[in-house]
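The lines below spell out each chain.
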Amino acid sequence: MPKRKDLKSILIIGSGPIIIGQACEFDYSGSQSLRSLREDGIETILINSNPATIMTDPTMADHVYLKPLTTKSIIQILEEHPNIDAVLPTMGGQTALNLCIEAGEKGIWEDFGVEIIGVDIDAINITEDREKFRELMLKIGIGMAPQATAASFLKGKEIAQEFGFPLVIRASYTLGGAGASIVYKPEDFDELLSRGLEISPIHEVMIDKALMGWKEYELELLRDKNDNVVIICAIENMDPMGIHTGDSITVAPAMTLSDRTYQRMRDMAIKMMRSIGDFAGGCNVQFAVSPDEKEDIIAIEINPRVSRSSALASKATGYPIAKVASKLAIGYNLDELDNQITKSTSALFEPTLDYVIVKIPRWNFDKFEGSDRTLGLQMKSVGEVMGIGRSFQEALHKATQSLEIKRNGLGADGKGYRDYDQIIQKLTIASWDRVFVIYDAIQLGIPLSRIHEITKIDMWFLKQYEELHFLEKEISKFTIKTLSKELLLEAKQKGFADRQVAHMLDCYESEVHKKRSDMGINRVYKLVDTCAAEFKAMTPYYYSTFEAEIETPDGKKYVENDSVVTDRKKIVVLGSGPNRIGQGIEFDYCCVHGVLAAAECGYETIMINCNPETVSTDFDTADKLYFEPVFWEHIYDIIRHEKPEGVIVQLGGQTALKLAEKLDKYGIKIIGTSFKSLDLAEDRGSFSKLLKDNDIPFPQFGVAETADEALHLADELDFPLLVRPSYVLGGQGMKIVINKEELEAHVVDLLRKIPNNKLLLDHYLDGAIEAEADAICDGKDIYIIGIMEHIEPCGIHSGDSNATLPPFNLGEFVMQQIKDHTKKIALALNTVGLINIQFAIKDDMVYIIEANPRASRTVPFIAKAYKEPYVNYATKVMLGEKKVKDFKFNPQLEGFAIKQPVFSFNKFPNVNKNLGPEMKSTGESILFIDSLKDDEFYNLYARRKMYLSK
């Protein structure tokens, strides 16, 4: 059945601010969907409150509404656009679905004659109502764990008595496993039951008998109106049941499943999808499999919408699920659509992988002091990375290298645990670093059978770890001079980084790199092509690996490389890696715009990133995508292969900036502001000298490297003091201290966590107002794109403050100082591109807190508020294609825009929620108000006195 002719205008609901459990994978699915619908000439109307997303760009939809996600906003939009035919709610996660259901219950869709497409609300209700879902599964003969529903405390107690412990409590209608927990002991049950009932919007929980130690799998399905079903991807969780899939290490294709069981699982998934309703679209089904010969399969749940896993499955297979699901929603069938990668075969096919992908979540527990770090049924990770390799071992290593937690991969970096009791404890209670601890346990000689008994991780995975350990032991017997080509090639094929091999051989990383180059052991690049190279792929989406040489009959040796280097001039953009607090989707937004601007200037664009949730890792964002760790060795090899004109580092947050020094050292051109200037801004001593030379005031400060030095400094500077390490993002480790005991404790703690770091001690300007400015500079002229005033007082991290654009009560005298200082600093730093400067204002004096000559968290917010493509302009300035005076700036904003932080504290019930200099928010939304008399502004301003965490 071809496209429906009656659908001419469609409303898409976005997912709002990023929270734990719902990250930027929905920016990816929303952007894909909008592009997909516009290809078919359909008018698109989007509502989303998150300014940091690509999907809210004015070019993405015909009409973009940056409004709060409420039924009030929906009514306003439907009144303005009476021609809207349908709403597509499956691209915005649980937020969009919940809003769609609420609007349905209020009769809004009916009143305006709007049809819901892409999902069947009855199907959602069946899958979310755990009792109905259970009845349906039993009716169609699909096994479920023993479970029962409780809508009251008393009923819950009865069920627990009947089932016995351990038990699982799951709250109905929640996202990211909110309110879910495993209860091992009767004494914990009452509190966890109450919490589940409270968190569920319908105050209902499902209590299951826990299937601890069973293996967990997910299947991603797509179905069209003709009931054609394709299974896009089978994903295996390395962690057994009991850990939320968003917090599990996952692998595709499934590794330890017999073919017979996989076929049974496919049949069950298709049967389940067909039983819950007659709809066209995507579906995610989760199963548990018993870890014995019988391989019994039990259904856990089914989500009839695009999910977090669909973003991962799309990137893992190259099959754009959201794009195809949008086409199915408007009436197409799978056999009428092209495979987006080959362009010559149909979309009615199941991808086959000739590589392995490993996803590892990224946590941020350090931001939530006192948080329960145990992994369980409630998701706690803030982002994720994906590694692609020819083997599980290579993909696992690449994923661990992508995490950016100062580890170089598994083992071989001197950072592992050595204490037996500590290792056993960490294996027993699933923790964020268990992926590394398994290796430490094997190194310590703990038998695999014991590790398996404790973790219930399949023996196949543990044997893969053991092989890596044996290889490390073998290599450690040699020196750099005596290591054979065979062993070095094997280490590289199994994913060990040069610096890990250097650790084993006790030499420098550069020596290992030189040795492998001399031996001809070089990375080759392979296509991610969805069909195991059976058909020619048209999209340049690559991962790296190492291969043994092939010898032709005439004695010629070569290694096959799919990445053909063109003779066009090229620009590399370094991505921002995994999402985390302090560095989120806003940097992905900047990278995508950097790529698009470089393409407009005629460059071939090359994107390097390892985050599967983002638009930057979409296969058609850049001319070439290298899905690789943003890790020196990988980047250097790509640059040697591609020979670009230069590398853009100022758009990818701290991740990309950290690599600037290496790029500079190896003579690779940094596009825009030079490394020297980037470093000068980070080095507090040199930066303060620059401020002094330019007569710009800054708070009294000093630099200390020991607790003793810090205590001496305190006498000069006077309390309260703001203490912070240098070279960090998101205010990591920042604290305000008010006496010597607090100062000593914090300094000792910081130097333990970040050894050899210089600590900065500033006299803290108590009660000051904080403001910040973003600007574009070409080295000569400067244009300030926005000045924001924070509603909260100075001392709360700028990422956690409500920021108002333009400022609401800074006088002309103060504004002039801000403008003068911004211009002076940008020029003194020789900025080419973007710069962000933060100020503290006390007694009408403007002091400088810090300057960052790079894209900042606020740039997308300003761009959306003023309706100007500032990142596009800044990139053209960096590339030297344009000067600041070439642009006709025309910002448009009536009233004020407020950037509002959003927190995910509900995931960590016992955490100190006070705000301070260390950032804790996970996302943001934008609020437009006409005047300062607006109630919302009044409420925010009244709350500004929230005290700071000392």
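Conventions and cut-offs
- Residues numbered from 1 in each chain as written.
- Predicted model: local features only at pLDDT ≥ 70, side-chain atom pairs only at ≥ 80, totals over all residues.
- Heavy atoms only, no water.
- Core = buried A, V, L, I, M, F, W, Y, C linked by side-chain atoms within 4.5 Å.
- Buried < 20%, exposed > 50% of the residue type's maximum accessible area, 1.4 Å probe, protein only.
- Helix = DSSP H or I, 4+ residues; strand = E, 2+ residues; numbered from the N terminus.
- Contact = heavy atoms within 4.5 Å.
- Salt bridge = Lys/Arg side-chain N within 4 Å of Asp/Glu carboxyl O.
- 1 Å grid on protein atoms, 1.4 Å probe; cavity = no way out; pocket = protein on both sides within 12 Å on 5 of 7 lines; lining within 4 Å.
- Points joined across faces, edges and corners; volume = space filled by probe spheres on them.
- Nonpolar A, V, L, I, M, F, W, Y, C, P; charged D, E, K, R; others polar.
- Pairing = 2+ DSSP bridges.
- Axes fitted to C-alpha atoms, helices over the stretch in contact; angles between N-to-C directions.
- Polar contact = N/O pair within 3.5 Å; in protein donor to acceptor, adjacent residues only side chain to side chain.

**So, the nonpolar core**
Core analysis: the largest hydrophobic core is formed by 166 residues, its most contacted members being Y319, L574 and V649. In terms of residue count, the dominant contributor to this core is helix α14 (residues 434-444) (seven residues). Not counting the four nearest positions on each side in its chain, V649 is found in contact with L574, A656, L657, A660, L663, I670 and L678. If you look at the next biggest cluster of nonpolar residues, it comprises 29 residues, including L219, M268, F287 and A299.

**Regarding the pattern of salt bridges**
Going through the model one piece at a time under the given rule, you end up with 54 salt bridges. Among the ionic pairs, D208 bridges to R170, the shortest N-O distance being 3.4 Å. Taken as a pair, D208 in strand β9 (residues 205-209) and R170 in strand β7 (residues 167-171) lie far apart in primary sequence, 38 residues in all. Between D637 and R516 there is a salt bridge; the shortest N-O distance is 2.9 Å. Of this pair, D637 sits in helix α21 (residues 632-642) while R516 sits in helix α19 (residues 509-518), and the two are 121 residues apart along the sequence. Accessibility assignment for this pair places D637 and R516 in one class, buried. Residues joined in a network through salt bridges with shared partners are R35, E39, D40, K323, K327, D618 and D620.

**Some thoughts on the environment of G213**
By the secondary structure assignment, G213 is in the loop between β9 and β10 (215-223). In the structure, G213 is positioned 227 residues away from D440 in sequence and 22 Å away in space, judged by C-alpha atoms. When residues no more than four places from it in sequence are discounted, the contact partners of G213 are P240, M241, P291 and K456.

**Quick look at the layout of surface pockets**
Approximately 1,200 Å³ is the volume attributed to the second largest pocket. Lining the second largest pocket are 41 residues; nearest its centre among them are T56, V64, Y65, L66 and K864. Those elements that place two or more of their residues in the lining of the second largest pocket are α1 (25-39), β3 (63-65), α2 (71-80), α20 (585-600), α29 (859-866) and β35 (923-929). Counting residues per element, the lining of the second largest pocket draws most heavily on α20, which supplies five residues. For the lining of the second largest pocket, the class distribution of residues is 18 nonpolar, 10 polar and 13 charged.

**Here's the deal with the sheet that holds strand β28 (residues 759-763)**
Taken in spatial order, the four strands make up an open sheet running β25-β28-β26-β27, and their pairing is antiparallel. The outermost strands of the open sheet, each flanked by one partner alone, are β25 (701-704) and β27 (735-737). Across the sheet, the axes of successive neighbouring strands diverge by a mean angle of 25 degrees, strand direction being ignored. The pairing of strand β26 (residues 721-725) with β28 spans five bridges and is classified as antiparallel. Bridge pairing in β28 places L721 opposite H763.

**A closer look at the side chain of K864**
Structurally, K864 can be placed in helix α29. Taking relative accessible area as the criterion, K864 reaches 6% and is therefore assigned buried. Only 2.6 Å separates the side chain of K864 from the backbone oxygen of T53, close enough to count as a polar contact. Among all residues touching K864, those that are not within four sequence positions of it are P51, T53, T56, D57, L66, Y589, I926 and F928.

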